[in-house]
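The chain contents come next:
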Amino acid sequence: MKLSQKLTKEAVEPFFNGWDSLQETIEPSFRDRNGTAQQELLNGIKLYKQLLAHCDFEIIPLNGWERLAFIEQRPTNYAAFRQLDELFSEMKKGIASKRIQLKRNEQ
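Predicted model, so just to flag it, every value in this text is computed and none were measured.

Novice: Please clarify how the side chain of aspartate 85 should be interpreted in this entry.
Specialist: In this structure, aspartate 85 sits in helix α5 (residues 78–106). Here the side chain of aspartate 85 touches glutamine 23 through a polar contact of 3.0 Å, side chain to side chain. In contact with aspartate 85, not counting residues within four places along its chain, are Trp19 and Gln23.

Novice: I'm lost on the nonpolar core in this one. Help?
Specialist: Side chains of nonpolar character tend, in soluble globular proteins, to be buried together. Counting residues in hydrophobic clusters, the biggest one holds 28 residues, and the most contacted among them are Trp19, Tyr48, Leu51, Leu84, Phe88, Met91 and Ile95. At the level of secondary structure, the elements contributing two or more residues to this core comprise α2 (9–32), α3 (37–54), α4 (64–73) and α5. Here the element with the most residues in this core is α5; it accounts for eight residues. Each residue touching leucine 84, except ones within four places of it in the same chain, is listed here: Trp19, Leu41, Gly44, Ile45, Tyr48 and Ile71.

Novice: Mind showing me how you'd approach the environment of phenylalanine 30 here?
Specialist: The residue phenylalanine 30 is located in helix α2 in this model. Residues phenylalanine 30 and threonine 76 lie 46 residues apart in sequence; the distance between their C-alpha atoms is 8.5 Å. Residues within four places of phenylalanine 30 in sequence aside, it is in contact with Ala37, Pro75, Thr76, Asn77, Tyr78 and Phe81.

Novice: Would you explain α2 in this entry?
Specialist: In an α-helix, one full turn covers 3.6 residues, which means residues spaced three or four apart are oriented alike. Helix length check: α2 (24 residues) gives 34 Å between terminal C-alpha atoms against 34 Å at 1.5 Å per residue, within 8%. Helix geometry: α2 is bent most strongly at glutamine 23, by close to 25°. Regarding α2, the residues found buried are Val12, Phe15, Phe16, Trp19, Leu22, Gln23, Ile26, Ser29 and Phe30. Buried positions along α2 lie against α1 (3–6), α3 and α5. Backbone geometry just downstream of α2 places arginine 33 in the positive-phi region, at approximately 55°.

Novice: What is the right way to look at the confidence of the model for the protein in this model?
Specialist: Reading predicted coordinates in detail is not appropriate for stretches of low pLDDT. When pLDDT is averaged along the protein, the result is 93; 100% of the residues meet or exceed 70. By mean pLDDT, α1 is the weakest element of the protein at 84, and α4 is the strongest at 97.

Rules behind the numbers
- Residues numbered from 1 in each chain as written.
- Predicted model: local features only at pLDDT ≥ 70, side-chain atom pairs only at ≥ 80, totals over all residues.
- Heavy atoms only, no water.
- Helix = DSSP H or I, 4+ residues; strand = E, 2+ residues; numbered from the N terminus.
- Polar contact = N/O pair within 3.5 Å; in protein donor to acceptor, adjacent residues only side chain to side chain.
- Contact = heavy atoms within 4.5 Å.
- Core = buried A, V, L, I, M, F, W, Y, C linked by side-chain atoms within 4.5 Å.
- Buried < 20%, exposed > 50% of the residue type's maximum accessible area, 1.4 Å probe, protein only.
- Expected span 1.5 Å × (residues − 1).
- Bend = angle between axes of the 7 residues up to and from the residue.
- pLDDT = per-residue confidence, 0-100.

Given below as structure tokens:
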């Protein structure tokens, strides 16, 4: 499958919807300190890695691997959650940018 087909809104939307859902449970877990944040954050890491693989690792934010390593080493840390949230946000922007670039190249 071509990268342009993998980056359609319909193809990547489930990853971002999944993160939005996880985010809604992770943030209160950190605030309430109920101990469920770690497992949910690990699920978020897995989802992010699936998104990277889906994009054939062609789109990754600046220092993405180092930031991901930080998150994986500290899944109980609120800063890791914020960092993962930023990675998802930057991926969304990167995918939109790449989609535009590919569309221009096709014309």
